[in-house]
Structure formats: structure tokens, C-alpha cells
Amino acid sequence: MKRFLLTLLASAFLLTAGAQTLLPIRDSIGKLSISVDPRMELLGTVFLLADYKFHIQGVPYCDRVQAYFSPFADAGAVKFARGMWRYNMSLGWLAGQMLAYSDLPDMKRRYPYFNMMNKAHPKDLRHYNTLLKRFAEKSRFSNFWTDNELFYRQVIAWCKNQVGDIDVVGLLESYFNMKQESYDIVLCPLFGYNSFGPRLPGSDGLLKIYALISVPQNLGGIVADGGFDLSGLLFHEFGHSFVNPFTEQYADLVAQSSDRFEPIRDKMKPQSYWTWDACVSEHIVRAVGVRLAEITGGPAVAENSLRYEEGRYFGYIRPLVEKLREYEALRDSTGISFGEYVPELLKVFNEAELYKPVFPGSVNAVLSGDVIYVYPTAGDEAPGSTEYVRWLVDQVKMRGPSWKSVRLVADSVAVKMPLDSCNIVCYGTVESNLLLAKYRSKLPFQAEPGAIIADRRYDDPGVRLIACVPNPENPELGMAVYTAIDERRIIDINNVFHGPDDFCIFTDRDHILSRGYFEKRGTEWHFPQPKPSAD
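As a starting point, this report considers the structure included with it.

Rules behind the numbers
Residues numbered from 1 in each chain as written. Predicted model: local features only at pLDDT ≥ 70, side-chain atom pairs only at ≥ 80, totals over all residues. Heavy atoms only, no water. Phe/Tyr/Trp six-rings, centres within 6.5 Å; stacked < 30°, edge-to-face > 60°. Helix = DSSP H or I, 4+ residues; strand = E, 2+ residues; numbered from the N terminus. Buried < 20%, exposed > 50% of the residue type's maximum accessible area, 1.4 Å probe, protein only. Pairing = 2+ DSSP bridges. Arc of directions from axis to C-beta. Contact = heavy atoms within 4.5 Å. 1 Å grid on protein atoms, 1.4 Å probe; cavity = no way out; pocket = protein on both sides within 12 Å on 5 of 7 lines; lining within 4 Å. Points joined across faces, edges and corners; volume = space filled by probe spheres on them. Nonpolar A, V, L, I, M, F, W, Y, C, P; charged D, E, K, R; others polar. Polar contact = N/O pair within 3.5 Å; in protein donor to acceptor, adjacent residues only side chain to side chain. Core = buried A, V, L, I, M, F, W, Y, C linked by side-chain atoms within 4.5 Å.

1. Some points on the packing of aromatic side chains
Right, on to step 1. Across all of its chains, the model carries 34 aromatic pairs by this definition.
Right, on to step 2. When the centroid spacing of 4.3 Å and the interplanar angle of 20° are considered together, the rings of Phe80 and Tyr128 count as stacked. Taken together, the residues span a long stretch of sequence, with Phe80 in helix 4 (residues 76-82) and Tyr128 in helix 6 (residues 122-138) at a distance of 48 residues. As far as the burial class goes, Phe80 and Tyr128 line up, both buried.
Right, on to step 3. Among the aromatic residues, those joined into a ring-pair cluster are Tyr61, Tyr68, Phe69, Phe72, Phe135, Phe141, Phe144, Trp145, Phe151 and Tyr152.

Next comes the structure, spelled out in C-alpha cells:
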């Protein structure tokens with residue numbers, strides 16, 4: 001028996017001694033460290049197996065994860081992830097905590113517990129750490145990591161290409177007039193659409209700051225390039241480590257404006273901003289992002305960024321942006337740092353006009369949630385439009401189960417029913433659609449026989465207009481209008497690129513006459529005034 005125990009102990013020692021330390025695959029651009037980290041991939045794997053709803057499905061890397069690890073779908077770590085809300089934990093918070101551990105397989109805590117969420121308890125975190133290490137060991141996670149090293153290097157190469165010549169660290173340090181100890185981008189291809197900005201304590205009062213960045217992937221397995229604003233995302237996630245320490249330091253000043261949260265609470269919760277202090281930090285980080293967008297891309301890019309944030313109900317961001325302009329002038333003249341200016345910045349939330357959520361646009365924003373399509377019945381040409389809208393709604397419902405709730409009603413029915421709990425999509429001219437006729441005074445355009453008056457007068461009978469406005473019965477929701485000078489032009493009106501902006505005026509898909517965003521003040525929306533031409 002003694003010999004057997006000695007043999008068993010020796011075997012255990014050899015297995016432990018031979019366990020390979022899994023180090024991140026790493027590269028750098030100047031002060032920026034860029035890596036794919038096995039700790040994050042382990043966490044992402046467990047959440048993928050737990051059917052975490054924000055994962056990207058069907059891309060090759062996720063398929064490989066599913067194929068390799070599916071035999072371990074009932075492991076303790078996976079079960080814990082499925083019920084993490086019982087422990088007051090979230091993916092972003094757990095990802096930040098992972099940074100406090102040493103590399104796999106040991107995963108020993110190197111930093112004290114920090115930023116504990118609500119009632120999350122250290123013993124639960126220790127328990128989950130044990131479950132993760134057990135999962136990694138039993139599934140031989142190290143084998144999967146090694147087999148996919150080429151993909152991880154491709155992800156890093158994509159990141160370097162996206163960053164390009166943008167001096168992310170220089171811009172951040174210059175804007176905030178502050179420095180941090182280190183800047184680490186950790187690319188997380190299993191985090192779906194989620195990105196996070198945790199921090200760890202460094203030396204001399206500085207911070208080690210991180211941007212845990214999701215990686216867009218396509219069905220071909222190649223990292224997608226189009227339309228992904230990586231620099232903006234880096235400004236945002238790193239920005240939290242410049243902003244949040246000060247909103248936490250001045251928690252009493254933040255609390256003074258907490259009554260501002262109630263009107264937007266229901267808009268913030270679906271975005272995972274559950275408290276006023278989190279909402280304040282997000283407002284400020286996003287306002288800084290708008291200012292950095294102007295520095296790197298110009299005023300038009302900044303304005304688009306600002307409109308996007310307003311579209312997500314960050315209602316105090318515009319006055320914050322103006323206040324940041326004052327900070328920038330003061331910084332340049334006196335050398336004040338962002339941290340020193342935060343108390344002044346926080347005054348905006350009390351001094352600005354109380355924000356009440358109003359549908360912000362765009363057309364795309366109308367086409368989600370509970371939607372009712374309204375077809376016209378008045379006039380000789382209305383039946384053609386009706387058939388087109390019926391066909392269109394059938395196509396929408398074929399997109400999947402989440403679209404089955406889309407409803408189709410006649411205008412004669414719509415004018416008699418309550419519409420304050422849904423988005424509305426109206427087709428037809430103001431004369432042919434009774435609902436448009438009912439609310440014609442709420443529309444930002446005017447319809448006359450043979451003409452539409454919008455940002456200018458349009459007399460061409462081929463002109464069509466797609467626009468959005470607040471729902472006349474509930475300004476927090478939206479109404480989209482698909483109209484034309486001639487009712488016969490309603491057919492095939494959707495066959496033009498539209499949606500990201502508030503309006504599009506065109507004759508056909510190749511001839512766009514005007515498009516853009518309305519000038520808005522509450523529910524009063526107007527076409528932008530033409531700018532005077534330069535002499």
C-alpha cells in the first residue's frame with residue numbers, strides 16, 4: 001500500500017510539473033500591447049456552452065469550440081455560468097476578475113478582490129475559479145489552444161491593421177492630460193458583441209488598463225473588416241479607466257443628480273446600465289468619444305457619432321460635449337487634467353434641461369420591436385399599394401420567429417385603434433392613407449397635389465420619400481412613412497438603400513435626391529436648412 005501511495009503521489013507531481021503554462025499570444029504597436037489570452041478563451045468557451053445569448057453563432061471558430069468541448073457541456077463551470085445571475089455576476093465583471101489571476105493552469109490570484117458587484121461574494125468567485133480550472137484540466141483545454149494558435153495570430157494581425165497609424169495611447173493621454181502604467185488590448189473572439197474596459201492597480205498610483213474587445217467574424221472564418229470602428233471602441237473601453245475612478249471618487253456629486261435617472265431608467269436597463277452612477281460614467285465616456293471622433297475624423301464624423309449616442313437615449317451627451325470643449329480650452333491654457341475638471345463636468349447633469357426620452361430616429365429604429373404595418377384604402381390606386389404591403393409583410397415574417405409578431409392592418413382600422421404601444425410603418429400618400437391624413441400636421445413634410453415640400457419643393461411625379469418621426473400617440477416610439485407624389489410609385493418603394501438615417505428622398509435606387517437627419521427639438525422635427533453657398 002505504501003509503495004502504491006508513493007507511486008500515486010509521484011505521478012501527480014509529474015503531471016503538475018509537466019503542465020504547460022498557457023501564455024497569451026502577444027504583439028504590440030508602440031505602447032499598445034495586443035494579445036489573445038487563454039484565460040478569456042476559457043471563460044468564453046464556458047459561456048458559449050452555457051448558451052449565453054450574445055455569442056456569435058455559426059462562424060467557424062465557434063463551431064470548432066462547440067465540436068471540441070460539447071462533451072463537457074454539463075461541467076460544473078458551465079452550469080455555474082447558466083445561473084450566474086443568482087451570484088450577482090456578469091460576463092464583463094467575470095472577465096475583469098480573470099485578469100487578476102495568473103496564467104493557466106494555475107490561475108492563482110495575483111490581486112485582491114476588486115470592484116465586487118452588488119452582493120457577489122469572494123467565496124463564490126473562488127468556487128468558480130476552481131470549476132474553471134477543473135474544466136480546463138478535464139477538457140484538455142491546452143490542446144485546443146495550441147491547435148488554434150494560427151487563428152489567434154490572424155486575429156492579432158487584423159487588430160494591428162485596424163489600428164494602423166492611429167496613436168491610440170497618445171490621443172488618450174493628450175486628451176485626458178493623464179498617463180497610465182500600461183495599455184492592453186485583449187481580443188476576445190468568443191465574446192460575441194461584448195467589449196469591456198476593466199483596470200488593475202499599477203505602481204505609483206497609475207493603472208494597468210485593458211480593452212477586452214470582441215472580434216467581428218464572418219461565415220468564411222476570416223475576421224471581417226467592413227464598418228468596424230476599432231479605434232472608437234478602444235477610445236471607449238480605455239476611456240472607462242480614465243473616467244470611472246473619478247465618478248467613483250465624486251460619488252456624492254453624482255448622487256445629487258440621481259433624479260435624472262428615472263425618465264431614462266427603462267431605456268438604460270436593456271443596455272445593462274442599471275444604476276445612475278453607471279449611466280453617468282457612460283455618458284461621459286461617450287461624450288469624450290465624440291470629441292476624439294472629431295479630432296481623428298472631423299466634424300461630420302463627430303456629429304454622426306453624437307446622433308448615434310442620442311439614438312441610444314444618452315440624453316445629456318450633447319451638453320456634455322459642449323462642456324468638454326470648455327475643458328479642452330482650459331486644459332490647453334492652464335494644464336488642468338481631466339480628473340481635476342470632473343466636478344465641473346458633473347454639474348451638467350443638474351444644470352441641463354431634464355431629458356425626457358423621445359424617439360430619436362432612424363428609420364431602422366422603427367422596424368424593430370412591436371411593429372404594425374398600415375396599408376392605404378382610399379383612392380383608385382390604393383389596391384396596388386395594398387398588395388405590395390401584404391407581400392412585403394409576408395417577406396418580413398419569413399425572417400424568423402422574432403418577426404412573427406408583425407401585424408398588418410388597414411388604415412381605416414388603424415385610425416380607430418390605440419397605437420401607443422407599437423411602432424408604426426405607414427404606406428401610401430397622405431391622400432390615400434387615412435392614418436397619414438389624420439396626423440398630417442405631425443409630419444415634417446407637406447403634401448400638395450403634384451408636389452412634396454420637404455427640404456425643398458419636389459414636383460417630379462417620380463419622387464418618393466421615406467422618413468421617420470415620433471409616434472404621434474407615444475413619442476417614445478416611432479413611425480416610418482413610405483410615401484410618394486404618385487400612389488403608383490409606392491410599389492417597390494423599399495428597393496433603395498435606406499434606414500440608417502432619418503429620411504431619404506429619391507426617384508429610384510440609383511438616383512438619391514436628398515438624405516440625412518432631421519433637426520430635432522423634442523417632437524418637433526424639421527428638415528435641415530440648406531447651407532448658404534460659399535462666395
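2. A word on the sheet that holds strand 11 (residues 457-458)
Right, on to step 1. Taken in spatial order, the 3 strands line up as 9-10-11 in an open sheet, and their pairing is antiparallel. Since the sheet does not close on itself, it has two edges, and those belong to strand 9 (446-448) and strand 11, each with one partner.
Right, on to step 2. The sheet contact formed by strand 9 and strand 10 (residues 451-453) spans 3 bridges and is antiparallel. Residue pairing across strands places Glu448 opposite Ala451, the latter belonging to strand 10.

3. Observations regarding helix 3 (residues 60-69)
Because an α-helix packs 3.6 residues into every turn, residues spaced three or four apart end up facing the same way.
Right, on to step 1. Here helix 3 has its buried residues at Tyr61, Cys62, Val65 and Phe69. Taken down its axis, helix 3 places every buried residue within 100° of arc, on the same side.
Right, on to step 2. Check the buried side of helix 3 and you find it contacts helix 2 (38-49), helix 6, helix 7 (141-147) and helix 8 (149-163).

4. Re the layout of surface pockets
Right, on to step 1. Considering only enclosed or pocket space, the second largest pocket measures out at about 980 Å³ in volume.
Right, on to step 2. Lining of the second largest pocket is provided by 32 residues; of these, Glu310, Arg318, Tyr355, Lys520 and Gly522 occupy positions nearest its centre.
Right, on to step 3. Contributing elements (two or more residues each) for the lining of the second largest pocket: helix 14 (299-311), helix 15 (317-334) and strand 16 (519-521).
Right, on to step 4. Residues belonging to the lining of the second largest pocket are distributed by class as follows: 15 nonpolar, 6 polar and 11 charged.

5. Details of the side chain of Ser102
Right, on to step 1. The topology assignment puts Ser102 in the loop between helix 5 (91-98) and helix 6.
Right, on to step 2. The class for Ser102 is buried, based on a relative accessible area of 18%.
Right, on to step 3. Separated by 3.4 Å, the side chain of Ser102 and the backbone nitrogen of Met107 make a polar contact.
Right, on to step 4. Other than its neighbours up to four places away in sequence, Ser102 contacts Arg39, Met107, Lys108 and Arg110.

6. Section: the environment of Tyr439
Right, on to step 1. Inspection of the secondary structure puts Tyr439 in the loop between helix 21 (434-438) and strand 9.
Right, on to step 2. Separated by 33 residues in sequence, Tyr439 and Pro472 have C-alpha atoms that sit 7.2 Å apart.
Right, on to step 3. Setting aside chain neighbours within four positions, we find Tyr439 in contact with Pro472 and Glu473.
Right, on to step 4. Of the polar contacts made by the side chain of Tyr439, one reaches the side chain of Glu473; its length is 2.8 Å.

7. Thoughts on the nonpolar core
Right, on to step 1. Residues Tyr128, Leu187, Phe238 and Phe338 are the most contacted members of the largest nonpolar core, which totals 116 residues.
Right, on to step 2. Per element, the largest residue contribution to this core is 9 residues, and it comes from helix 13 (residues 276-297).
Right, on to step 3. The residues contacting Tyr128, other than those within four sequence positions of it, are Leu43, Val46, Phe47, Ala77, Phe80, Ala81 and Leu94.

8. Some remarks on empty space enclosed by the protein
Leftover empty space is mapped by rolling, across the atoms, a probe with the size of a water molecule.
Right, on to step 1. On inspection of all chains with the given rule, the structure shows 1 cavity of 30 Å³ or more.
Right, on to step 2. Around the largest cavity, the lining residues are Leu94, Gln97, Met98, Tyr101, Leu125, Tyr128, Asn129 and Leu132.
Right, on to step 3. If you list the elements that add at least two residues to the lining of the largest cavity, you get helix 5 and helix 6.
Right, on to step 4. At 4 residues, helix 6 tops the list of elements feeding residues into the lining of the largest cavity.
Right, on to step 5. Taken together, the residues of the lining of the largest cavity break down into 6 nonpolar, 2 polar and no charged.

Scope: geometric values only; no functional claims are made or implied.
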